[in-house]
Amino acid sequence: MDLATFHPVFLFLGLFQAVVADVEPPTNLTFHCHNLHNNLKWSYDQLSPGLRFRIDISTLNGAPNVVWVDPPAELQADLSFLSDPSNAYYLTVTAVMGQNESVSAPHDGIIFSYFKDSPQGLKCFVDFPPVNVTAQPDGTVLVRFTHPWLVYQHKLQRSTNTKPRFRKSHDPQLPVFHYDVTTMNQRDYSSHCVESVCEAELSVDPAQKKHCLKMKGELQKMSVRGTQEYCVVPVEESLSYIVHLCVVGTLLFVSSVAFVLFMVYRKKTKPLTSVPNSMTFKSKVKQWTVGLVQETVSVPEVEATSPTPLLLTEENEYAATVTPSTEPELRLAIGVSTEDEGVSNDVEVGNDEGPGYMPGSNLDEDEAPSGYESRPVLVELAPGELAEGYRG
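Description of the structure in this document.

Cut-offs used in this document
Residues numbered from 1 in each chain as written. Predicted model: local features only at pLDDT ≥ 70, side-chain atom pairs only at ≥ 80, totals over all residues. Heavy atoms only, no water. Helix = DSSP H or I, 4+ residues; strand = E, 2+ residues; numbered from the N terminus. Buried < 20%, exposed > 50% of the residue type's maximum accessible area, 1.4 Å probe, protein only. Contact = heavy atoms within 4.5 Å. Disulfide = S-S within 2.5 Å. Pairing = 2+ DSSP bridges. Axes fitted to C-alpha atoms, helices over the stretch in contact; angles between N-to-C directions.

**What to know about the environment of Pro175**
Step number 1: Looking at where Pro175 falls in the secondary structure, it is placed in the loop between helix 2 (148-160) and strand 13 (177-182).
Step number 2: On the accessibility criterion, Pro175 (15% relative accessible area) is buried.
Step number 3: C-alpha separation for the pair Pro175 and Gln220, spaced 45 residues apart in sequence, amounts to 7.4 Å.
Step number 4: Each residue touching Pro175, except ones within four places of it in the same chain, is listed here: His147, Trp149, Cys193, Val194, Leu219 and Gln220.

Written as structure tokens, this is what we have:
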């Protein structure tokens, strides 16, 4: 028997009931089914001692069943065990007082099923598991959620008394879960999952300020519906790229400005003309050194007649370094020729006092003793250029 012929059978069961006028039927019946939790409620005006309520359950595939509720318990019944997606159920509630009973309520019964394509009655469903949506930098979003069977398996197994098949590795084989995803631009994606954690990477419109998805699926002929839109803000890839460019550009600009300022400062502080070599101390020392090496000064050895040293110790040291001449040499004063009679009369070869000296007895008594006698002489430095000098 299929679900298409299910409704007429339930009507026949509803009409085939005994009616007792002295027992009032229940009122305000409500039935709620969601996430494999089924709850039936009703009300009654006058609760008398010994009054009971009978819930008659008829199924498409299976034997009828009965559930009793005895006041003063709440006038409701938990029927969560009626959750087989491959079955459909018909419910009625009857007030019973001893051998008497009321009319079953509601008069046309309550039909419900978790089968998503049930032709009659209330279609029950379960909620989509929590979804984690992560924006990707390449214009996609990553969707992750737990397989619905792991969320509702305990209730389904209690309702159907069945267990999922097992693999050879003795790990439970999850049933195939088919699901659909709809994006904001009305693009639909269909996929399936047999893993404990389902994942899918979907393309989205990068121009959107927010990416929102709608989820729905099917698990063993049971409808799995999303209760909300799952949204995520896109990754600001362009902004991050611009920030990196700005940082690099700023560093290059600061480095360039610092280099230009350094070159300007160096140019401002550097003299425009170079200092001549003659003005540098190093060049003068070099000239003096070269001059000393190239020219050899010969000084004859003489004996001092004055008790006072004529030269300081430093001068004696310097004179000791001069190479003495091995041959007698006649030295004249600067600018005086050999024809000068005054000079020729005073200079005698072999004089122990040496040229340029005079005996101390010839000095005036008022003057301090000295080894030299200053005599002014005109010296010709160049043709037509004379200078005053002294000779000893």
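Further notes follow.
**Concerning the state of the cysteines**
Step number 1: Counting across every chain of the model gives three disulfides.
Step number 2: Put simply, Cys33 and Cys124 are joined by a disulfide, and their sulfur atoms are 1.8 Å apart. In this structure, the disulfide formed by Cys33 and Cys124 twists by about -85° around the S-S bond and is classed as left-handed. Here Cys33 is found in strand 1 (residues 27-34), whereas its partner Cys124 is found in the loop between strand 9 (122-123) and strand 10 (126-127), with 91 residues between them in sequence. Each member of the pair, Cys33 as well as Cys124, is classed as buried.
Step number 3: Covalently, Cys212 is tied to Cys231 through a disulfide, its sulfur atoms 2.0 Å apart. A torsion of 110° about the S-S bond marks the disulfide between Cys212 and Cys231 as right-handed. Here Cys231 lies in strand 18 (residues 230-232) and Cys212 lies in strand 16 (residues 211-219), a separation of 19 residues in the sequence.
Step number 4: On the accessibility criterion, Cys212 (8% relative accessible area) is buried.
Step number 5: Here the bonded cysteines of the protein chain are numbered in sequence order, and their pairing is 1-2, 3-4, 5-6.

**Points about the pairing of strand 4 (residues 65-69)**
Step number 1: Across five bridges, the pairing between strand 3 (residues 51-59) and strand 4 is antiparallel. Bridged to Ile57 within strand 4 is Asn65.
Step number 2: Where strand 3 folds back onto strand 4 in an antiparallel hairpin, the turn is made up of five residues, including Gly62, whose phi is positive at roughly 145°.

**A short note on the sheet that holds strand 5 (residues 76-78)**
Backbone hydrogen bonds are what pair the strands of a sheet, in a parallel or an antiparallel way.
Step number 1: Strand order in the open sheet made by the three strands is 1-2-5, with antiparallel pairing throughout. Each edge of the open sheet carries a strand with a single partner, namely strand 1 and strand 5. Geometrically, the sheet is characterised by an average inter-axis angle of 10° between neighbouring strands, direction not taken into account.
Step number 2: Where strand 2 (residues 37-43) meets strand 5, three bridges bridge the pair, whose relative direction is antiparallel. When the sheet's bridge partners are listed, Leu40 is paired in strand 5 with Ala77.

**Focus: the sheet that holds strand 15 (residues 197-203)**
Step number 1: The strand order across the open sheet built from three strands is 11-12-15, with neighbouring strands paired in antiparallel fashion. Looking at which strands have only one partner, the edges of the open sheet turn out to be strand 11 (131-135) and strand 15. Pairs of neighbouring strands in the sheet enclose a mean axial angle of 20°, with direction left out of account.
Step number 2: The pairing of strand 11 with strand 12 (residues 140-146) spans five bridges and is antiparallel. What sits directly across from Asn132, in strand 12, is Arg144.

The quantities given are spatial measurements derived from coordinates; they are silent on function.
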